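What follows is the residue order along each chain.
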Amino acid sequence: MSVLVTGGTGYIGSHTVAELLAKRYYVIILDNLSNSKRDVVDSIEKITGRTPQFVEGDIRDKALVGRILQEEPIEAVIHFAGSKAVGESVRMPLEYYHNNVYGTICLLETMRDAGCKSIVFSSSATVYGGENVSPLREDMPEGRTTNPYGTTKLTIEKILRELCVSDPEWSVSLLRYFNPIGAHKSGLIGEFPNGEPNNLMPYITQVAAKKLKKLKVFGSDYNTPDGTGVRDYIHVVDLAKGHIRALERVLGRTGCETFNLGTGQGYSVLEIVKSFVRVTGQKVPYDIAPRREGDIATCYSDPSLAEKELGWKAELGLDEMCEDSWRWEEQLNQEA
Ligand code: NAD
Ligand code: WQD
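About the cut-offs
- Residues numbered from 1 in each chain as written.
- Chains lettered and ligands numbered in written order.
- Predicted model: local features only at pLDDT ≥ 70, side-chain atom pairs only at ≥ 80, totals over all residues.
- Heavy atoms only, no water.
- Phe/Tyr/Trp six-rings, centres within 6.5 Å; stacked < 30°, edge-to-face > 60°.
- Helix = DSSP H or I, 4+ residues; strand = E, 2+ residues; numbered from the N terminus.
- Buried < 20%, exposed > 50% of the residue type's maximum accessible area, 1.4 Å probe, protein only.
- Near = heavy atom within 4 Å.
- Polar contact = N/O pair within 3.5 Å; in protein donor to acceptor, adjacent residues only side chain to side chain.
- Areas by Shrake-Rupley, 256 points an atom, 1.4 Å probe, with all protein chains shown as cover.

Enquirer: For this particular structure, what's the right way to read the packing of aromatic side chains?
Expert: To describe a pair of aromatic rings, you give the distance between the ring centres and the angle between the ring planes. Inspection of the entire model under this criterion finds 3 aromatic pairs. Where tyrosine 128 meets phenylalanine 178, the ring centres are 6.3 Å apart and the plane angle is 35 degrees; that geometry is what we call tilted. Within this pair, whereas tyrosine 128 is found in the loop between strand 5 (118-124) and helix 6 (148-166), its partner phenylalanine 178 is found in the loop between strand 6 (171-177) and strand 7 (179-181), the two being separated by 50 residues in sequence. Between phenylalanine 192 and tryptophan 328, the ring centres sit 5.4 Å apart and the planes meet at 75 degrees, which makes this aromatic pair edge-to-face. Linking phenylalanine 192 in the loop between strand 7 and helix 7 (200-208) with tryptophan 328 in helix 11 (residues 318-335), this pair joins segments that are 136 residues apart in sequence. Given a relative accessible area of 23%, phenylalanine 192 falls into the partly exposed group.

Enquirer: Whenever I open this one, the site of ligand 1 confuses me. Can you help?
Expert: Inspection of the region around ligand 1 gives 27 residues, with Asp31, Asn35, Ser36, Asn99 and Tyr149 positioned closest. In this structure, lysine 84 approaches ligand 1 through a side-chain N or O atom, which is 2.8 Å from an oxygen atom. The contact in question runs from an oxygen atom of ligand 1 to an N or O atom on the side chain of lysine 153, over 2.9 Å. Taking 820 Å² as the accessible area of ligand 1 by itself, protein coverage stands at 95%. At the level of secondary structure, the elements contributing two or more residues to the shell around ligand 1 comprise helix 1 (11-22), strand 5 and helix 6. Of the residues forming the shell around ligand 1, the biggest block, 3 residues, is contributed by strand 5.

Here you go:
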């Protein structure tokens, strides 16, 4: 069975491609390499002993995507391609709407024209906004997004839902990821840092590697057990496995469904730092800093719907997330 994976050389995409190949799917990656490297394909091959087909190109190139869909009997698309940096989206909203929203529309039009109407989409917990109280459930109302990136995800969710209403042949799975961290156990694939990290775990690993001096803990006066922000961190390999289940689901039915992919367990910033230090033996100096604009105190999932309907549950714990994030950081430094 053939699957097109847009953004398949990226962080979550590469781990998902590795899982797909292990399950004997035939995989075609389409990636414009705007935030990943061609070598990732070789790393995936080393891990799985199988080679995905790689096409360098853009989801907005409808002629190219149309050719791929004509040449291969593709049954479904897993759509990761997009821009994901929250702060950058505030500075460059037009680029974010163009790449994420317009890019997805181009992809969907091309899929429709080729008669391929099954898609798994990378959404985000950000669509819950700050109003809903954790644990967040899929039947809660969407919140108010606080940045263009979040609005692109909310908009694409709406487009996909409306598409399923308009044409009952479509089959869509909206996957709302919580906070993916960690890397493949092999140390061969992981997240490539793009400048100074915004997210907590890559910041921690770079402080531990002495590339950055000190972690700033954004706020210690939240209404949480230790005052620091609480999030639902999920190992990227667990997340990748969730995509296989969602893919099987879209191949077996029509309509639009939404699933949280999280662990259901919230950890504070200081709990993450302490676990990382304990598991890796590294030092992570930090200062308490003011709150970061747009942050909320607590965000974690109720993952029971994915367990009930997809038979998927996160299995890897915080120790493995820390250990694997650190192995990847060390490996990056050996390469440099
Ligand atoms: P990533 O940047 O590592 O991967 C995205 C990939 O898409 C990159 O390889 C990039 O080169 C490619 N790409 C971007 N625009 C493209 C285009 N127009 N055409 C073809 N390829 C293009 O990001 P990731 O962390 O793997 O995230 C994957 C998806 O999951 C994104 O849609 C992101 O918004 C979403 N998501 C990520 C997180 C997270 O914290 N990492 C959380 C929730 C949702
Ligand atoms: C986690 C916690 C910070 C950095 C973001 C996006 C979200 C999704 C995942 C794509 C918070 C604290 C962080 C630092 C800190 N991405 N922190 N010092 O903000 O939950 O989610 O990534 O869809 O849309 O908003 O993740 O890793 O940035 O922060 O104290 O240097 O760590 O305040 O409490 P966040 P994060």
